[in-house]
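# Geometric and topological summary
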Amino acid sequence: MGKIIAIANQKGGVGKTTTAVNLSAALAEAGKKVLMVDLDPQGNTTSGLGGKVNERNSVYDAMMGRTSLADCIQKTEIKKLRLAGSDIRLAGAEVELVSAEEREFFLKKLLAPKRDEFDFVFIDCPPSLSLLTLNALAAADTVLVPIQCEYYALEGVTALMNTIQRVKRTLNPHLEIEGILLTMLDGRTNLGLQVVDQVKKHFKKTVFATTIPRNVRLGEAPSHGEPICIYDPKSTGAMAYQMLAKEVLARNRK
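Below is a summary of the structure that appears in this document.

## Some words on empty space enclosed by the protein
If you roll a probe as big as a water molecule over the atoms, it shows you where there is empty space left. Enumeration according to the criterion identifies two cavities of 30 Å³ or more in this entry. Taken as a whole, the largest cavity encloses approximately 40 Å³ of empty space. In terms of lining, the largest cavity is formed by N9, K11, V14, P146, I147, Q148, E150, A153, G156 and V157. Sorting the residues of the lining of the largest cavity by element identifies β6 (142-148) and α7 (153-170) as the ones contributing at least two each. The class makeup of the residues in the lining of the largest cavity is five nonpolar, three polar and two charged. Here the second largest cavity is characterised by a volume of approximately 30 Å³. Along its surface, the second largest cavity is lined by N22, A25, A26, P227, I228, C229, A238, Y241 and Q242. Those elements that place two or more of their residues in the lining of the second largest cavity are α1 (16-29), α10 (228-231) and α11 (236-251). In the lining of the second largest cavity, the residues fall into seven nonpolar, two polar and no charged.

## Re a nonpolar patch on the surface
A contiguous nonpolar patch, built from Y151, Y152 and L191 and spanning about 360 Å² of accessible area, is present on the exposed surface. With respect to the helices, strands and loops of the structure, Y152 is situated in the loop between β6 and α7. For Y152, a relative accessible area of 46% corresponds to the partly exposed category.

## Section: the pairing of strand β5 (residues 120-124)
Put simply, side chains in a regular strand alternate between the two faces of the sheet. Burial runs high along β5: five of the five residues are buried. Where burial is concerned, the two faces of β5 agree: the one with F120, F122 and D124 and the one with V121 and I123 are both buried. In terms of strand pairing, strand β1 (residues 3-7) meets β5 through five bridges, oriented parallel. Looking at β5, one finds that A6 is bridged to I123.

## Looking at the layout of surface pockets
Taken as a whole, the largest pocket encloses approximately 260 Å³ of empty space. Among the secondary structure elements, those contributing two or more residues to the lining of the largest pocket are α1 and α2 (44-48). Counting residues per element, the lining of the largest pocket draws most heavily on α1, which supplies five residues. Among the residues forming the lining of the largest pocket, the class breakdown is seven nonpolar, nine polar and four charged. Its boundaries defined by the atoms lining it, the second largest pocket holds a volume of some 190 Å³. Among the elements of the structure, β7 (176-185), β8 (207-213) and α9 (216-220) are those that each provide at least two residues to the lining of the second largest pocket.

## Some thoughts on the sheet that holds β6
Here we have eight strands laid out as an open sheet, ordered β3-β4-β2-β5-β1-β6-β7-β8, and mixed in their pairing. Strands at the two margins of the open sheet, each flanked by one partner only, are β3 (73-75) and β8. Put simply, the sheet's adjacent strands are angled 25° from each other on average, direction ignored. Pairing of β7 with β8 involves three bridges; the strand directions are parallel.

Reading guide: rules and limits
- Residues numbered from 1 in each chain as written.
- Predicted model: local features only at pLDDT ≥ 70, side-chain atom pairs only at ≥ 80, totals over all residues.
- Heavy atoms only, no water.
- 1 Å grid on protein atoms, 1.4 Å probe; cavity = no way out; pocket = protein on both sides within 12 Å on 5 of 7 lines; lining within 4 Å.
- Points joined across faces, edges and corners; volume = space filled by probe spheres on them.
- Helix = DSSP H or I, 4+ residues; strand = E, 2+ residues; numbered from the N terminus.
- Nonpolar A, V, L, I, M, F, W, Y, C, P; charged D, E, K, R; others polar.
- Patch = residues over 30% accessible without salt bridge, like charges linked within 9 Å, V, L, I, M, F, W, Y side chains within 5 Å.
- Areas by Shrake-Rupley, 256 points an atom, 1.4 Å probe, with all protein chains shown as cover.
- Salt bridge = Lys/Arg side-chain N within 4 Å of Asp/Glu carboxyl O.
- Buried < 20%, exposed > 50% of the residue type's maximum accessible area, 1.4 Å probe, protein only.
- Pairing = 2+ DSSP bridges.
- Axes fitted to C-alpha atoms, helices over the stretch in contact; angles between N-to-C directions.

In structure tokens, the structure reads:
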């Protein structure tokens, strides 16, 4: 049965979508069957993997019961990576699900029949603690938390950790932390290195050994609709996500 990992941080601009696109691609390139579910109405993961959606094949349509999740899954440039894409209409799900029974479990029910087909299912969450994010956390086995190497990094993560604990108590008692990922590290600055030390001191072994550097090529790749492993496989960003993929695989062999 495939493992479901939500990639979440209610703070925007922390490298969440970059991680969703490039970690899923790196694992697929390593031979794993991967499904990437874009649960962010901005649809950046969808476009970052070269995906396109219409009125019949988005995650929104599946959550509203208008189509099956199987009909929303599309191929990507990477053989073993599949995408369930989204667009801005997904923002409407927040309103439409408010009065629904068991509204936090719509995504979990959608994913249940597909788990056996994949080794990993990733969910890219919106940058907010919304009903969509709660759906992701209720469906997931673990949460991967990207943190930008900047001054206010720990503040946002503390709020997210509190939310995860509440979800464990009320919606998903089996939810665990997959790991905390330090992103956008500029190794030339003392501040970046101080944040790394601070986060590792606070969260200890939960923090991935791999850090994701600031890298121009990582920023360019989405505009070409390609993950970094295709756009520039020799860049420092590509190598960092390859290392992260190996670390995720090692953690999940235990």
